[in-house]
Amino acid sequence: MNTGNWSIRAKIIALVAVPLAALVALWIFTTTLTVGPALHLLDTRTLRNEMSRPGDAVVAELQRERRLSVVYLAGRAQELPALDEQRSRTDAAVADFRERARGEDVRDAADEAVRARVDQVTTALELLPAGRGFVDRREMDKAGALGLYTGMIDEALRLFDALANLDDDALDREARATVALTRAREVLGQADALLAGAFAAKRFESGEHSQLVQIIGTERYLHVGAVSALSEEDRTAYQRMVEGEAFERLRELGDRTMAQGRDNAAVPISANAWQSAYEPVVRQLRDFELGISDDLTDRAAPVAAGVLLRLALAGLFGLAAIVLSLLLCLRVGRSLIRRLSGLRESAFDLADRRLPEVVARLRRGEDVDVAAEAPPLEYGTDEIGQLGRAFTEAQRTAVQAAVDESTMRRGLNEVFLNIARRSQTLLHRQLTLLDGMERRTTEPDELEELFRIDHLATRMRRHAEDLAILAGAVPGRGWRNPVSMLDVIRGAVSEVEDYARVTVNGVESVAIAGRAVGDMIHLLAELIENATSFSPPQTRVHVSGAPVPNGYAIEIEDRGLGMKPEELEEANRRLARPPEFDPANSARLGLFVVAQLGARHGVKIRLRSSPFGGVTAVVLVPPDLVLPDAEPAALLASPADDVPRRRVRVVTRVESAPAIESAPTPLKAVPSDRADLGARAAEETRLGPDGLPASAVAPSLGPDGLPRRVRQASLAPQLREQPTGDLPEDPAPAPRTADQARAAMAALQAGTARGRREADAAPPGPTSAAPARGTAAVPSVTPEGDDR
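Here's what I pulled together on the structure shown here. A quick note: this is a predicted structure, and the numbers were derived from the prediction, not measured.

Side note on the overall build of the protein chain
Broken down by element type, the protein chain carries 22 helices and 8 strands. For the protein chain, with 788 residues in total, the buried portion stands at 44%. Looking at the protein chain as shown, the accessible area adds up to about 40,100 Å², and 56% of this sits on carbon and sulfur atoms.

A word on the packing of aromatic side chains
By the definition in use, this model includes 2 aromatic pairs. For the ring pair Tyr238 and Phe288, a centre distance of 5.7 Å and an interplane angle of 55° mean the geometry is tilted. Separated by 50 residues along the polypeptide, Tyr238 in helix α10 (residues 232-242) and Phe288 in helix α12 (residues 271-363) bring together distant segments of the chain. Like Phe288, Tyr238 is buried. A ring pair is formed by Trp274 and Tyr278, whose centres lie 6.0 Å apart and whose planes are at 10°; its orientation type is stacked. One end of the pair is Trp274 and the other is Tyr278, both in helix α12 and 4 residues apart, which spans about a single turn. Between the NZ or CZ atom of Arg138 and the centre of the ring of Tyr72, over which it lies, the distance is 4.2 Å.

Concerning the sheet that holds strand β8 (residues 626-627)
Strand order in this open sheet of 3 strands is β1-β3-β8, and the pairing throughout is antiparallel. Either end of the sheet is taken by a strand with one partner, and the two such strands are β1 (483-484) and β8. Where β1 lies against strand β3 (residues 511-512), 2 bridges are found, and the strand directions are antiparallel. Along β3, the bridge assignment pairs Val483 with Ile512.

Quick word on unusual backbone geometry
Despite not being glycine, Lys202 shows a phi value in the positive range, around 70°. Inspection of the secondary structure puts Lys202 in the loop between α8 (169-201) and α9 (208-228). A residue is classified by how much of its surface remains accessible, and Lys202, at 66% relative accessible area, is exposed. Non-glycine residue Asn264 carries a positive phi angle of around 60°.

Some remarks on the packing of helix α16 (residues 485-493) against helix α17 (residues 517-533)
Interaxial distance between α16 and α17 falls to 8 Å at its minimum, and their mutual angle equals 50°. Considering their axes alone, α16 and α17 lie oblique with respect to each other. Of the two elements, α16 crosses α17, and the hand of that crossing is right-handed. Here Val488, Ile489, Gly491, Ala492 and Val493 of α16 come into contact with α17, specifically with Val517, Met520, Ile521, Leu524, Ala525 and Ile528. The residue inventory of the contact of α16 with α17, partitioned by class, reads 10 nonpolar, 1 polar and no charged.

Quick look at the side chain of Asp56
Following the sequence through the fold, Asp56 ends up in helix α2 (residues 44-73). Looking at Asp56, the relative accessible area reads 7%, which means it is buried.

Rules of the game
Residues numbered from 1 in each chain as written. Predicted model: local features only at pLDDT ≥ 70, side-chain atom pairs only at ≥ 80, totals over all residues. Heavy atoms only, no water. Helix = DSSP H or I, 4+ residues; strand = E, 2+ residues; numbered from the N terminus. Buried < 20%, exposed > 50% of the residue type's maximum accessible area, 1.4 Å probe, protein only. Areas by Shrake-Rupley, 256 points an atom, 1.4 Å probe, with all protein chains shown as cover. Phe/Tyr/Trp six-rings, centres within 6.5 Å; stacked < 30°, edge-to-face > 60°. Lys NZ or Arg CZ within 6 Å of the ring centre and 35° of its normal. Pairing = 2+ DSSP bridges. Axes fitted to C-alpha atoms, helices over the stretch in contact; angles between N-to-C directions. Parallel < 35°, antiparallel > 145°, perpendicular 65-115°, else oblique. Left-handed = near helix turned anticlockwise from the far one by under 90°. Contact = heavy atoms within 4.5 Å. Nonpolar A, V, L, I, M, F, W, Y, C, P; charged D, E, K, R; others polar.

Listed below in structure tokens is the structure:
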């Protein structure tokens, strides 16, 4: 039996139930053993009245019939009427015995041994009619008749032995002594029958005298043995009885017969002398036996009552002991179960509630008292109490470990935040230096390198912000006013290495609340970076957005390797429920950052398989962050309005360019969130007839060394309001800010880049200008993240 999987309650119940069941079984067994004898003693009166007395009557009648049958066989035919009369009395006694033996009272009171003896007596008596027939036809001699009746009487005496089996020692001894007296009296009856035959035949036949001597000796021996087992009172009464005249004369006659009698000789005593002595003795012996039997019957009832009383007391005490044991076992068992269950509940409470609450409080930065959160478990001083104290120490250790881990995590976050802040400070200074260098540099090759360094610095700043997010802090960038969704997406694209592979199409005009602009740029940049990193370099990444009933949905689709279903499920689980940052799982750093940024503003992110084999990231912006766009997405306000600043960078060197349309728009330009391309800058920077900016055709430098716009300088002479020579220069405007200067330079660079692309696309001809070198290819790079 495998009890290892049993509960504590089941084990304790089994431990208690088995001894209790054994005790109850022993109590029942002992009670049954005691009740049986007591009930048997109570049944003694029934058996005495219904079996012993009728049986004794049968024995007495059989003894008389035996004597008359022997006399008849000795040749005295005149005894036949007396024999017939005796047979009638015998039949009546036998019928009464059989009737009583079939009674329900006898069957209920008698045990198996008594019932078996009754059946044997009944069977023996069934031989009586046949035996009588042999006697009547004189087909049986005197010895045969003597044996026939003696056998039936012996069966009755065996029944008396069974009835004398009492469950009290004193009563049993006296009852057996009474049966012994009855047996001795029966032997005396055999002597009487033998002598009656001899008297009828006028002599002892061969062997009869020696048989008579044996019978008389047996009778005297049996009487001596039976008397010794009687009680003192009964023995005294017996002694007085045998000292009577009848007993003395019978003893004397017996002695004379044994001494003077011979086989085939006359009996030395007369029949009248023998009968006058025998009949009083037999009558007194039978009355003495019946008196003892009646006395035993009367004494058996009080003995049985005493046994039952003792049994009742013992049963009550036993039952009380069982109840007390049961209550004690229940009390101890319930105490053990309650204490062990309490200890188990404490363990579950620590594991399921208190320890997670402590961890949650520690994550919120709250102070935790270890002693208060891990109170001592009081369960006594025994082994369970010791186990409780051990568990108390274990839970204190667990809470202390959680506190220590939180302290370590807080320290690690502070380290991340410190590194992030330092990196942001350095990157800010680096970007400031790059701004100055870009303003002072006019060479395209140098500008190209500076812009690349600027782009790398922008990406480095995003990675520094990742450290701040890992530390649980908020990045430094922020806006007060709403920003166009298209500008947010372009700002995110500007922070991606393979920005040239990103196509932004179908973005419907809405605005994002200013508090979420920086985080949305960062979130989208991480997802776009993932898309470019895990897709072939010749494929494109498509970004689109549209309003939906529950917010604004942005889809970022790549055509890369894709993800397995179980990987998608695990990634979506992490995105839906941001886990605690685990330094051991740094391969999923991008997902962690995206999940944290999304959870901060209620933005939902989900990955799904793309029909083209890649992955589509769906970003659902909640309605509280989506606002109507106040102006077209291409017309951006100045930096003073706290919108993302944008810059169009040229990444190729221009040697010559064909004429291009005026008021160019930046196509597939590289945006940056550090500068913005404003409508004013686009209007102020016009192109001349040769396709170069007007400032390059008619330069007019201001005090800050940057080109300044000259009104109508790019117009045909016939279109000017007055001749060029007569046109006065505009008064020197106020010095431009750095952002305004970057906007003007961005417009120049955008026009140059567009002209370069169109020149590369024009077919060669005899009158065409020298071909341009084209845009330098953006090399494929090793992915910086392993977010999938």
